[in-house]
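# Reading the structure
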Amino acid sequence: MSQPMTHSIASRNSVIAGYIRVMDTLAIVTAVIAAILLALGVLAVVQMVFTRYVLGESTIWQTEFTTYAITAAMLLATPYVLKTGGHVAVTVLPDALHGLPKRIMRLTASLVGLSFCLALAYGSWYYVYEAYTMAWTTGTVWNPPLWPAVLPMAVGASLLSLQYVAEILRGEA
Amino acid sequence: ADTTLRVSHQFPGGKGDVRDEMVQLMAREVKAADVGLELQIYPGQSLFKAKEQWGALVRGRLDMTSLPLDYASGRHPEFSATLMPGLVRSHERAQRLNDSKFMDMIKTVINDAGVRVLADAWLAGGFASNAQCVTSPDTVQGQTMRAAGPAFDEMLAVAGASIASMPSSEIYTAMQTGVLDGANTSSGSFVSYRIYEQVTCLTAPGENALWFMYEPILISEQSWSKLNEVQQSALMAAAEKAETYFAKEAAGLDQKMADVFAENGVEVVSMSPEDYQAWLDIAKKSSYKTFAENVPNGQALIDAALAVE
Amino acid sequence: MDPVTSGILVVIALLVLMAIGTPIAFALGAVALGALMLDRGVGELIYFGETFFGNMASFGFVAIPMFILMGAAVASSPTGRDLYRSLDLWMGKLPGGLAISNIAACSIFAALSGSSPATSAAIGKLGIPEMRKRGYPDGVAAGCIAAGGTLGILIPPSVTMIVYGISTETSIGRLFIAGAIPGLMLAGLFMVWTLIACKLHGGYSSANPVAQAAAQMKENVEGNVKALIRVLPFMVVVSGILFALYGGVATPSEAAGVGAFLCLALAIIVYRMWQAKPIVTIMRDALRESVMIMLIIACAEIFAFALSSLFITQTVAGAIADLEVNRWVLMGIINLFLLVSGFFLPPVAVIVMAAPILLPIILAANFDPYWFAVILTINLEIGLITPPVGLNLFIIKGIAPDIALRDILLGSLPYALCMVLGILLLCFFPDIVTWLPDLIMES
Ligand code: NA
Ligand code: NA
């Protein structure tokens, strides 16, 4: 009787550990992409300054590109920042508690955070969907399609939610 | 219980800006009509940001707004025609435009999106610069200019200007910090945002106003249909008064701008017919052409506007 | 529900969520979203993506990650170490000299970085262990780094001044200059207190015997000159881009982008940091801090939107404006409000939510908006070293986990009082703030 159960717990644990590992890897991958986007945003500004002040030519796409690239970087890196405990929180009260009350408090806080991230993911995908199906553009002289600018937010918020689940599982383990 | 409609705009509140005055007037009229309707005004982007207002209106998150329609051109490229260089030229013609096939076509797009126009308003505007007076196209060469929408951006870029995009509320700071050498916006905004403190030369609309922008008062169809008939007609009556008020003020705004700028030691010039034509030639090769190519009924819209006497 | 009741409920909900340990950004966002959905229906959820994106994606705000990247490039290089060595050599002999040179190093680093936690981290990593090794009390070691670090947002460049400038439509260049002299003044006050604190503890001239100190000095002179030469290019780059900003040549975002690029290039050239590892460290540090700050900004904007949507903002602003009090009493009330907000919230969150409400009131009471920006910043600096939310305290805790929180707090408290004194001085002598911007920008 007990053997299958131990077995199933063990396999459940290994599934959980596997999930956490996958999420941790994804968090690092998106963080690398974010770092590249941040660097590209900086380079676009440098290119713009050079074109405008040194060559004296007109600049069209750079401010918008930088804005979207860096915004994308910020949102894509959120899972990594969550994983490394970079989102500031006040843990004085939960730290002072022990046992069950502490666990409940931590779990509640995590669930609040998770619901926020899920709401953001939902809203973001809806925005991507709208921007894509209705062919919205940014309405500027460069006028690129809007959806590629919003997509990183949807991806970032979704991975952030999944990462949050991983953090909850990690904390419970 | 009373119905409260939330009205949002980006202009300074209670400081005499004509668009703020229009909605204030409507709020007073509706209240006086005593039909259980109240307008709650959120000025100066205190609820939605300038460019978010259209989206909010379409979905019924926002009830009413006074909006530069071109701000929504990313969603409805047709709206670029409402800030197209040289398409209007004078206030008299703006009045005739309101009842033309051109405006019917624009309003069809507005209505199809789930929005209704309560009051029309075409604001004239001009250019201001702290580098060089903007008259003929070659005067913008090398200047970093702020333009209000893609059509003007493109024309100015072709004429040799650098473009920096921003809402009108940011022009003052950008001029102060030297990010901009010049800007173009409406007469109302030039005065409201005290741009005269930052520039040396103003190109007033005058006889040949290159710059006109459609900034109507809009209501969400969802909010409109929730009103009862008495409330609807009270709102329409108020809107009519606001529109009349605006029509009376419109030309005066340009004079007021010229006066205020002159009082503050700013040189005031206007475009000659030759300057105007030179700009129009550039615009036809750039913004008009792009518009006709990229917007499904773009050419038809331009033709309809130009057909107005 | 009337705005006052809903306002109270919103604040209570926020405090509860923060108290149980929800990350501040998510707590702000969750409360705001909850309030909006209760008030306007579940449909608000659909628009949430658009609102959130609109809050973040502005060319003004993207200056922040780029300024942080610039600071990270400087911080990850041995600039901090070099700065620190030079200053120690000059001031090491004074009573409390090492602590004072730490504050000086913080001030100089503050001029290279726009962020307070980054300034505390960069100088503290070296300063705290060194001070403890030489027998300084834990409280002084932790306190002077925590407080010195707060200068990061007062001495230009400053991440929070960018947020203030965007929220209130004031000139960011002018805000930056306005912070310079008050920043130096605060640094001076911190040093005076440090001297007093060290005297009270019996003087910490140097734990080393005189001979040893002399020998060390001789050996250091050469390294010291080299160190200074290495720090110099960063100073030149950062002053260069700041002057471009003040002179009106560049926008904050342009200045930040070019500054980040040049400082990265310098870190690679001057300190030979071309291997992957230092670059990874720079990008990681920059991402971690800027994501944390940008997420708080975006969520604070949602929170502010919810407050405005529920008419709470307008009600509170109206109530303050209707207070028939002397303008200095009004200023006192506003200061108290900012101080208390700063206890619980990081500076950017307070600015996003409060600055647009307070500015019209400040202007109506005939106060200068740039002067007020400095007053507000110093209030928020106090918040950085007070519990429960003190970003600099978290940094110190990270550098020296074995120093008891009580010692850190007691050590920081006198510096917070120095800042209160600083605010009072600025109230009596507003020219300290306005003189330099008037001189530079009113030409
Ligand atoms: Na700084
Ligand atoms: Na605090």
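A short tour of the structure in this document, coming up. (Residues numbered from 1 in each chain as written. Chains lettered and ligands numbered in written order. Predicted model: local features only at pLDDT ≥ 70, side-chain atom pairs only at ≥ 80, totals over all residues. Heavy atoms only, no water.)

This part covers the coordination of the sodium ion (ligand 1). Residue and element names in this part refer to chain C. Coordination of the sodium ion (ligand 1) by the protein comes from Ala110 (O), Ser113 (O), Gly152 (O), Ile155 (O) and Pro157 (O), over a distance range of 2.2 to 2.4 Å. Read from N- to C-terminus, the donor residues coordinating the sodium ion (ligand 1) fall into the pattern A-x2-S-x38-G-x2-I-x1-P. What makes Gly152 buried here is its relative accessible area of 0%. (Donors = N, O, S within 2.8 Å, 3.2 Å for Na, K, Ca; no water. Buried < 20%, exposed > 50% of the residue type's maximum accessible area, 1.4 Å probe, protein only.)

Once that is clear, we can look at the interface of chain A and chain B. Each partner contributes to the interface: chain A provides 15 residues, whereas chain B provides twelve residues. Carbon and sulfur atoms supply 47% of the area buried between chain A and chain B, which totals about 1100 Å² over both sides. It is Arg52, Trp136 and Val141 of chain A in chain A that bury the most area against chain B; as a group they hold 41% of the surface buried on that side. In this assembly, chain A and chain B are joined by one salt bridge. With its nearest N and O atoms 2.1 Å apart, the salt bridge here joins Arg59 of chain B to Glu130 of chain A. Joining chain A to chain B, the criterion identifies two residue pairs in polar contact (both at pLDDT 80 or more). Of all the elements, helix H5 (residues 99-133) of chain A adds the most residues to the side of chain A that touches chain B, at three residues. (Contact = heavy atoms within 4.5 Å. Buried area = accessible area lost by both parts, 1.4 Å probe. Salt bridge = Lys/Arg side-chain N within 4 Å of Asp/Glu carboxyl O. Polar contact = N/O pair within 3.5 Å; in protein donor to acceptor, adjacent residues only side chain to side chain. Helix = DSSP H or I, 4+ residues; strand = E, 2+ residues; numbered from the N terminus.)

Bringing the pairing of strand S7 (residues 162-165) of chain B into the picture now. Residue and element names in this part refer to chain B. Direction of pairing for strand S6 (residues 144-147) relative to S7: parallel, over a ladder of four bridges. What sits directly across from Thr144, in S7, is Ser162. Crossover S6 to S7 through helix H5 (residues 150-158) is right-handed. (Pairing = 2+ DSSP bridges. Right-handed = clockwise from strand over helix to strand, strands pointing away.)

Another aspect to go through is the state of the cysteines. Within the structure shown, the criterion is met by one disulfide over all chains. In this model, Cys133 of chain B is linked to Cys201 of chain B through a disulfide, with the two sulfur atoms separated by 2.0 Å. Taking the sign of the S-S torsion, about 105° here, the bridge from Cys133 of chain B to Cys201 of chain B comes out right-handed. Here Cys133 of chain B, found in the loop between strand S5 (122-129) and S6, pairs with Cys201 of chain B, found in strand S9 (residues 201-204); they are 68 residues apart in sequence, far enough to count as distant. Looking at Cys201 of chain B, the relative accessible area reads 2%, which means it is buried. Lacking any disulfide linkage, Cys198 of chain C is separated from the closest cysteine sulfur, that of Cys144 of chain C, by 8.2 Å. For Cys198 of chain C, a relative accessible area of 0% puts it in the buried group. (Disulfide = S-S within 2.5 Å.)

The subject of this paragraph is the interface of chain A and chain C. Tallying the contact residues gives 53 residues for chain A and 49 residues for chain C. Interface area, chain A with chain C, both sides summed: about 4500 Å², of which 83% is carbon and sulfur. Area buried by chain A at its contact with chain C is led by Val88, Val90 and Phe116 of chain A, which between them contribute 16% of it. At the junction of chain A with chain C, the criterion picks out zero salt bridges. Per element, the largest residue contribution to the side of chain A that touches chain C is 14 residues, and it comes from H5 of chain A. Of the residues that constitute the side of chain A that touches chain C, the class distribution is 40 nonpolar, twelve polar and one charged. (Nonpolar A, V, L, I, M, F, W, Y, C, P; charged D, E, K, R; others polar.)

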